[in-house]
Amino acid sequence: MRRLALPPGLHLPPAAALVSLVIGGTLSGAGGGMLIAALLGLVGDGEELLSFLIPGVLVVSTGVLALALGTNGTRSTASLRPYVGFLAVALGWTSAAVAGSIPLLLAGTFTNPIDAFFEAMSGFTTTGATLLEDFDQPDVVFWWRSLMQYLGGIGIVVLVVAIAPVSGTGLQKAFYAEVSGVTAERLTPRIIDTAKILAGLYGALSAAALAAYLLAGLGPFDALNHAMTTVATGGFSPEPNSIGGFDSTGVEVVAIVFMLLAGVNFAFYWRAIKGGGLMPQLAEVRTYLIIVAVMIIAITASVMAADDVGNFANSLRASAFSVTTIMTGTGYVTADFDGWNNFARIAILFLMFTGACAGSTAGGMKVIRISLLLKAAGQELDRQLRPTAVQVLRMGGRTFSEQVRRAVLSFFLLYTIVFVLGSIAMGATGVDLVTAISGASSTLNIVGPGLGEIGATDSFTGIPEGGRVVGAFLMLTGRLEVFTVVALLAPIFRMRPKLP
Amino acid sequence: MLRGQPLGPTRSEVRAFLIILAAASGAVSISLLLTDDAGGLAEALRDAVFTVVSISSTTGCTTADFDLWGGFAESVILALMVVGGCAGSTAGGMKVIRVVLIGRSALQELRRQSEPRAVTVLRMGDQIFPEAVKSAVLGFFVIYVAVFALGVALVTGFGADEVTAISSVLATINVIGPGLGDVGASENFGAIADGGIVTLTALMLIGRLEIFTLLVLPIALYDRIKRR
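As the structure is a computational prediction, the values presented were derived from the model and not from experiment.

1. Section: the overall build of chain A
When you go through chain A residue by residue, the secondary structure sums to 19 helices and two strands. Classification of the 500 residues of chain A by burial places 60% in the buried group. In chain A, the proportion of contacts linking residues at least 24 apart, taken out of those at least 6 apart, comes to 72%. On chain A, roughly 17,900 Å² of surface is accessible, and the fraction owed to carbon and sulfur atoms is 66%.

Below is the structure:
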């Protein structure tokens, strides 16, 4: 990166430099996105462009300045404590959401800053939970919603697959990249090369999705918006009724296919293209697809038995879409699964937690962690019978170290604790139990729709303001794989007097 | 205690249990005061404390219908069901000592990640818990959740709504008694279909025997068959 000419006195210590670098990067991206949204809006109805141009320019400038400050700082990031990496990433995402809410407020889409912040956070974390009620918005607003998710999607993939596996930086720990079974190898020796590859894959997938949506009959505006939010597994839609509003089997099939594709580890695609061995990720992909297939069958059967949707074709269509959208954490809606039989609703709730493959844009705990967890737990059970046997965690031809086993178990622990506390917090804002639980689940697993007051065809407007703040926090926590945010808060526990 | 011996980790567990009871009672009382129109502080406290203690000790006696208490109180009660009482008592649930160990393991892992070179040790009071114990407790937790998930899937499959399913599974696996919804404090389990009743009966047994005991049997059987 070219160093901008800054006064020689402006020299940041390494920790601040890293934080500045990351925030600068995210703000530059966010600001650039605003400008692109304005450009796209210009091609469209041309309304409210200034609301995006002005913040866009300001945010980009701030971002570039922060980048310059960051690169002017000392280079020895290897000696930084992991805590700094966590802080950088968390602040980066939060600053993107703050910046992202500004044009939404200026354009009048939202009047409450908290609502705008929620929507922006839902955008960048690719959750897709929306507070938008009036869908009669200028084109540029919809472009911005889609772009936030698009940027958020590639951002997280680059972070997890490109940056985190490289040892020596604090960011590695932030995503447990090497220790939780999530993408363990680098694609190329240099981060920037890996990032370029991932961006290329992302772009190719988006282009294919765009073409497919156009072929399925969507106009260019809808096709491009949905291509962006599908590949990002985000779920924002310019349609008030989401994809269900098109009432088209063709569009739904395209969505299903590309949601599934977006839920696969991007490193897997790279290996497939390079012709290298597919093994490390193949096991996860296989399990992922098996779970999808089994759940579609199970839910179709239950929906037919309870006669929720109608004949076989409709049931299959509705359940296939619902399973895919929930598991990949996209959050598009066709059928109102909130009105289905309770087995289907509970299954959908569980699917939110399962998630798709690691190293993709999806949310949830990720299939590989679930597999490792069940295996590790099974071994503990085995140990009851054979206490002295040496148990090795093995899956799909890969051996996982003791460190990985411990990390996956701890991850599950933290995840559950955050979920329980999140549900209680949601409940405290005044909603009923089902809404609280599904609200916490939908945000922590960055899915979008939930059950109860935030059911499939509702938006998050049923949640009071306190709940929106909790939701935004859970979205950030979930997107950053829980650990980052929790680790930031952990020092609080050390400052308390020793527990009994 | 009666024999004058040092109390060790049991003291920590008891203390944690009492803290949980106090905190939950306080939280639920406040929630009742804020949401209930009738009844003052005395009544809110009375209902809250009785319910919290009854649920935490997994006794299951009810005075008030806590099914009407709103999302916050209900989720606190569900959480209390999971925690249960202390180990070595007649109570059910995951047991306070496991919950404390799990909480401390989580903090320990966080510390290990933030300070990779720090030496961390899992301890309660003056007793140190080795890695093997920690692994076992975490493994127990995973299996507990898996059994819970399976139980809920089965009970909803047999027709219950999700609040009833979740709370009935928790009420049985933690050997408590009353739940929420159709199995709420003022109801009985009659509303659940036969298939659900069978599931819940199995869960009561599994929960009472601390899960591993029962689940280990199929593995032992499988080993036997394999060795033949």
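Let's pick the thread back up.
2. Notes on the overall build of chain B
Scanning chain B from N- to C-terminus turns up eight helices and two strands. The N-to-C order of helical and strand elements in chain B reads α-α-α-α-β-β-α-α-α-α. Reported as C-alpha extents along the three principal axes, the dimensions of chain B are approximately 55 × 50 × 45 Å. Counting over 228 residues, chain B shows a buried share of 49%. Split by element, the accessible area of chain B, about 10,700 Å² in all, is 64% carbon and sulfur.

3. Quick word on the interface of chain B and chain A
Taken together, the contacts link 51 residues of chain B with 45 residues of chain A. Taken together, the two surfaces of chain B and chain A that pack against each other cover about 4,300 Å², and 74% of this comes from carbon and sulfur. The interface formed by chain B and chain A includes one salt bridge. Counting every contact that joins chain B to chain A gives three residue pairs in polar contact (both at pLDDT 80 or more). For the side of chain B that touches chain A, the elements supplying multiple residues, two or more each, are α1 (9–35), α3 (71–83), α4 (96–114), α5 (131–157), α6 (162–173) and α8 (212–227) of chain B. Examining the composition of the side of chain B that touches chain A, we find that 16 residues originate from one element, α5 of chain B, more than from any other.

4. With respect to helix α15 (residues 402–428) of chain A
Residue and element names in this part refer to chain A. For α15, built from 27 residues, the straight-helix expectation of 39 Å at 1.5 Å per residue is met to within 8% by its first-to-last C-alpha distance of 39 Å. For α15, the buried fraction is high: 20 of the 27 residues fall into the buried class. Looking one or two residues beyond α15, the residue adopting positive phi is Gly430, at roughly 110°.

5. Points about the confidence of the model for chain A
Of the residues in chain A, 87% reach a pLDDT of 70 or more, and the chain-wide mean stands at 83. Overall, residues 167–171 of chain A carries pLDDT values under 50, and its contacts beyond four positions in sequence, including any with other chains, amount to 13 contacts.

6. Brief notes about unusual backbone geometry
Residue and element names in this part refer to chain A. With a phi close to 50°, Asp247 is a non-glycine residue in the positive phi region. Residue placement: Asp247 occurs in the loop between α8 (220–231) and α9 (249–262). In this structure, Glu481 takes a positive phi of about 55° despite not being glycine. Note on placement: Glu481 falls in the loop between α17 (465–479) and α18 (483–489).

7. A few points about the nonpolar core
Core analysis: the biggest nonpolar cluster contains 217 residues, and Trp144, Tyr213, Ile299 and Trp340 of chain A together with Ile211 of chain B have the highest contact counts within it. The leading source of residues in this core is helix α5 (residues 139–163) of chain A, at 13 residues.

8. Structural notes on a nonpolar patch on the surface
Residue and element names in this part refer to chain B. On the surface, Leu33, Leu41, Leu45, Val49 and Val53 cluster together into a nonpolar patch covering about 380 Å² of accessible area. Here the element with the most residues in the nonpolar patch is helix α2 (residues 41–56); it accounts for four residues. Mapped onto the secondary structure, Leu33 falls in helix α1. For Leu33, a relative accessible area of 37% puts it in the partly exposed group.

9. As for the pattern of salt bridges
All names here are of chain A. For the coordinates displayed, the defined rule picks out eleven salt bridges over all chains. Between Arg145 and Glu119 there is a salt bridge, and its shortest N-O distance comes to 3.1 Å. A residue pair is termed long-range when its members are at least 10 positions apart, and Arg145 in helix α5 and Glu119 in helix α4 (residues 113–124) qualify at 26 residues. Note on Arg145: relative accessible area 3%, which makes it buried.

10. Re the packing of helix α7 (residues 191–215) of chain A against α9 of chain A
Residues and elements named next belong to chain A. Viewed as axis vectors pointing N to C, α7 and α9 meet at an angle of 170°, and their least axial separation amounts to 10 Å. Of the possible angle classes, the one that applies to α7 and α9 is roughly antiparallel. Contacts from Leu205, Ala208, Ala209, Ala212 and Tyr213 in α7 reach Val251, Val254, Ala255, Phe258, Leu261 and Ala262 in α9. Here the contact of α7 with α9 is built from residues that sort into eleven nonpolar, no polar and no charged.

11. Looking at the side chain of Thr229 of chain A
Residue and element names in this part refer to chain A. The topology assignment puts Thr229 in helix α8. Classification of Thr229 as buried rests on a relative accessible area of 0%. Within the structure, Thr229 has its side chain in polar contact with the backbone oxygen of Phe236 (distance 3.0 Å).

12. Here we look at α8 of chain A
Residues and elements named next belong to chain A. With twelve residues, α8 should reach 16 Å at 1.5 Å per residue; the first-to-last C-alpha distance of 16 Å fits that figure. When you tally the buried positions in α8, you get nine out of twelve residues, the bulk of the element. Buried within α8 we find Asp222, Ala223, Asn225, His226, Ala227, Met228, Thr229, Thr230 and Val231. Phi turns positive, to about 45°, at Thr233, one or two residues after α8.

13. Digging into the packing of α2 of chain B against α3 of chain B
Residues and elements named next belong to chain B. α3 packs onto α2 with a crossing angle of 30° between their chain directions and a minimal axis gap of 8 Å. Along its contact with α2, which presents Thr51, Val52, Ile55 and Ser56, the element α3 presents Ile77, Leu80 and Met81. Classifying every residue of the contact of α2 with α3 gives five nonpolar, two polar and no charged.

14. Describing a negative patch on the surface
On the surface, Asp45, Glu47, Glu48, Glu133, Asp134 and Asp136 of chain A cluster together into a patch of negative charge. By the element assignment, Glu133 of chain A lies in the loop between α4 and α5.

15. Remarks on the state of the cysteines
One pass over the structure, following the stated rule, counts zero disulfides over all chains. The cysteine Cys86 of chain B is free of any disulfide, with Cys61 of chain B supplying the nearest cysteine sulfur at 18 Å.

16. A few points about the environment of Phe158 of chain B
Residue and element names in this part refer to chain B. Take Phe158: it is sitting in the loop between α5 and α6. Assessed through its relative accessible area of 41%, Phe158 is described here as partly exposed. With 46 residues separating them in the primary sequence, Phe158 and Arg112 have C-alpha atoms 44 Å apart. Setting aside residues no more than four positions away along its own chain, Phe158 makes contact with Ala193, Gly195, Gly196 and Thr199.

17. Topic: the packing of aromatic side chains
For the structure shown, the criterion picks out 17 aromatic pairs over all chains. When the centroid spacing of 5.3 Å and the interplanar angle of 35° are considered together, the rings of Phe118 of chain A and Phe460 of chain A count as tilted. With Phe118 of chain A in helix α4 and Phe460 of chain A in the loop between α16 (433–444) and α17, this pair connects stretches of sequence that are 342 residues apart. No difference in accessibility class separates Phe118 of chain A from Phe460 of chain A, as the two residues are buried. Counting every residue linked through ring pairs, the aromatic cluster contains Tyr150, Tyr202, Phe266, Phe268 and Tyr269 of chain A. Across the ring face of Phe236 of chain A, the terminal group of Arg145 of chain A is positioned such that the distance to the ring centre comes to 4.1 Å. Positioned over the ring face of Phe140 of chain B is Arg98 of chain B, at 3.9 Å from the centre of the ring.

18. Concerning the environment of Val292 of chain A
Positionally, Val292 of chain A belongs in helix α11 (residues 279–305). Relative accessible area serves as the criterion here: at 6%, Val292 of chain A is assigned to the buried category.

What counts and what doesn't
- Residues numbered from 1 in each chain as written.
- Chains lettered and ligands numbered in written order.
- Predicted model: local features only at pLDDT ≥ 70, side-chain atom pairs only at ≥ 80, totals over all residues.
- Heavy atoms only, no water.
- Helix = DSSP H or I, 4+ residues; strand = E, 2+ residues; numbered from the N terminus.
- Buried < 20%, exposed > 50% of the residue type's maximum accessible area, 1.4 Å probe, protein only.
- Contact = heavy atoms within 4.5 Å.
- Areas by Shrake-Rupley, 256 points an atom, 1.4 Å probe, with all protein chains shown as cover.
- Buried area = accessible area lost by both parts, 1.4 Å probe.
- Salt bridge = Lys/Arg side-chain N within 4 Å of Asp/Glu carboxyl O.
- Polar contact = N/O pair within 3.5 Å; in protein donor to acceptor, adjacent residues only side chain to side chain.
- Expected span 1.5 Å × (residues − 1).
- pLDDT = per-residue confidence, 0-100.
- Core = buried A, V, L, I, M, F, W, Y, C linked by side-chain atoms within 4.5 Å.
- Patch = residues over 30% accessible without salt bridge, like charges linked within 9 Å, V, L, I, M, F, W, Y side chains within 5 Å.
- Axes fitted to C-alpha atoms, helices over the stretch in contact; angles between N-to-C directions.
- Parallel < 35°, antiparallel > 145°, perpendicular 65-115°, else oblique.
- Nonpolar A, V, L, I, M, F, W, Y, C, P; charged D, E, K, R; others polar.
- Lys, Arg positive; Asp, Glu negative; His and termini not counted.
- Charge placed at Lys NZ, Arg CZ, Asp CG, Glu CD.
- Disulfide = S-S within 2.5 Å.
- Phe/Tyr/Trp six-rings, centres within 6.5 Å; stacked < 30°, edge-to-face > 60°.
- Lys NZ or Arg CZ within 6 Å of the ring centre and 35° of its normal.

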